[in-house]
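Chains, contacts and geometry: an overview
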Amino acid sequence: MAQQRISAGSRVFDFFNYFLLALLAIITVLPFIHVVGSSFATSAEVARTKFLLFPTEFSLQAYKYIFSTDTIFRALGVSVIVTVGGTLWSMFFSTLTAYGLSRRDLVGRRVINFLIVFTLLFNGGMIPTFLVVQQTGLLDSLWALIVPVTINAFNMIILRSFFLNLPQGLEESAKIDGANDFSILFRIVIPISLPAIATISLFYAVTYWNTYMHAILYLADADKWPVQVLLRQIVVLASGMNYDAEAYTDVPPPEVTVKMATIVVATVPVLLVYPFLQKYFAKGALLGSVKG
């Protein structure tokens, strides 16, 4: 069979398509390179350079300031515990809920779905949520960062839509062999739904890692602060808004570069996790979009 000839119009389209995608990639990457480069530069160089990409005066002063005490390592440990534990906790309940609501024979399925969608539009607000956390005894504990956000309605709906598109013949065959609902879920549905589960897990992990407002509201003990709250405090101290910097570090703050370094410290851990989930994330990006 002769090779199909590519028309001139197709070549022009491909050229502009690749050019546009490359341009968008550069626009996306440049700000991050600017942040990383500025974090390794001196404050003077950052001040006199409008858009710094690669520092000419290499300096680790900002990172020395951030990691000068054990406080940052404790905060990182808290964030890791909350992120890993919270992601497992949320995925367990989200998967159970999504699978149950994907069963067409579930009594009251439409009502439950409506109530879940309703929470996407309306919620109790900050004060009622705080009172619930207070009355349940979760204040000043790491559970306060996990339990109130156990299930994200949007993530659960996406996962439910994925389960709805799975072939019903798999479940029917398993039931004929004597499998119950839990066996079907954990031995059949979950193994073939890894792209969806990995994608939703990444969404939950990013949410827990970026926990800030809940920590401010529910945690009074600074030793339980996650890294996002501590980094914000470090930025405040480096900006000169609070003179008592010795409470968190023994190194004089380098001001501007600290802000860049805190962004790097807060972002890199999530970026390191993404390559391990990339093959699943690429498949799960189209969750529920194709039926059959």
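Residues numbered from 1 in each chain as written. Predicted model: local features only at pLDDT ≥ 70, side-chain atom pairs only at ≥ 80, totals over all residues. Heavy atoms only, no water.

1. What to know about the environment of Leu 159
For Leu 159, the location among the structural elements is in helix H7 (residues 153-164). With a relative accessible area of 0%, Leu 159 lands in the buried category. Taking the C-alpha atoms as reference, Leu 159 lies 9.3 Å from Thr 97; in sequence the two are 62 residues apart. When neighbours within four sequence positions are excluded, Leu 159 is seen to be in contact with Met 91, Ser 94, Thr 95, Ala 98, Ala 196, Ile 197 and Ile 200. (Helix = DSSP H or I, 4+ residues; strand = E, 2+ residues; numbered from the N terminus. Buried < 20%, exposed > 50% of the residue type's maximum accessible area, 1.4 Å probe, protein only. Contact = heavy atoms within 4.5 Å.)

2. Re the UniProt feature "transmembrane region" (unreviewed entry) in the protein
Residues annotated by UniProt as "transmembrane region" (unreviewed entry) correspond here to residues 12-33, 72-99, 111-131, 143-163, 184-209 and 256-277. In residues 12-33, helix accounts for 100% and strand for 0%; the two terminal C-alpha atoms are 31 Å from one another. A distance of 27 Å separates the end C-alpha atoms of residues 111-131, which is 81% helix and 0% strand. (UniProt positions renumbered as here; feature names shortened; annotations may be inferred.)

3. Overview of the pattern of salt bridges
For the coordinates displayed, the defined rule picks out 3 salt bridges. A salt bridge links Arg 48 to Glu 57; the nearest nitrogen and oxygen atoms lie 2.7 Å apart. Residue class for Glu 57 comes out partly exposed when judged on its relative accessible area of 34%. Close ionic contact of Arg 74 with Asp 223 constitutes a salt bridge, the shortest N to O distance being 3.1 Å. Here the residue Arg 74 occupies a position in helix H4 (residues 71-102), and Asp 223 occupies one in the loop between helix H11 (213-218) and helix H12 (227-238), the gap between them amounting to 149 residues. Looking at Arg 74, the relative accessible area reads 35%, which means it is partly exposed. (Salt bridge = Lys/Arg side-chain N within 4 Å of Asp/Glu carboxyl O.)

4. Here we look at a nonpolar patch on the surface
Judged by side-chain polarity, Val 12, Phe 15, Phe 16, Tyr 18, Phe 19, Leu 20, Leu 21, Leu 23, Leu 24 and Ile 27 come together as a nonpolar surface patch covering roughly 1,100 Å² of accessible area. Structurally, Ile 27 can be placed in helix H1 (residues 8-39). (Patch = residues over 30% accessible without salt bridge, like charges linked within 9 Å, V, L, I, M, F, W, Y side chains within 5 Å. Areas by Shrake-Rupley, 256 points an atom, 1.4 Å probe, with all protein chains shown as cover.)

5. A short note on helix H5 (residues 109-121)
For H5, spanning 13 residues, the distance from its first C-alpha to its last is 19 Å, which sits close to the expected 18 Å at 1.5 Å a residue. Within H5, burial applies to Arg 109, Asn 113 and Ile 116. The buried residues of H5 all sit within an arc of 65° when viewed along its axis, so they share a single face. Exposed side of H5, more than 90 degrees from the buried face: Arg 110, Val 111, Phe 114, Leu 115 and Leu 121 are the residues found there. Buried residues along H5 sit in contact with H4 and H7. (Expected span 1.5 Å × (residues − 1). Arc of directions from axis to C-beta.)

6. Here's the deal with unusual backbone geometry
Phi at Asp 140 takes a positive value of approximately 60°, unusual for a residue other than glycine. Mapped onto the secondary structure, Asp 140 falls in the loop between helix H6 (126-135) and H7.

7. Observations regarding the nonpolar core
Core analysis: the largest hydrophobic core is formed by 30 residues, its most contacted members being Leu 159, Phe 163 and Val 189. Elements with a contribution of two residues or more to this core: H4, H7, helix H9 (181-192) and helix H10 (194-209). The greatest single-element share of this core, amounting to 7 residues, is contributed by H7. (Core = buried A, V, L, I, M, F, W, Y, C linked by side-chain atoms within 4.5 Å.)

8. Observations concerning the side chain of Arg 109
Counting through the fold element by element, Arg 109 comes out in helix H5. In this structure Arg 109 is buried but unpaired, with Asp 105 as the nearest side chain of opposite charge at 7.7 Å. Among all residues touching Arg 109, those that are not within four sequence positions of it are Leu 101, Ser 102, Arg 103, Arg 104 and Leu 164. (Lys, Arg positive; Asp, Glu negative; His and termini not counted.)

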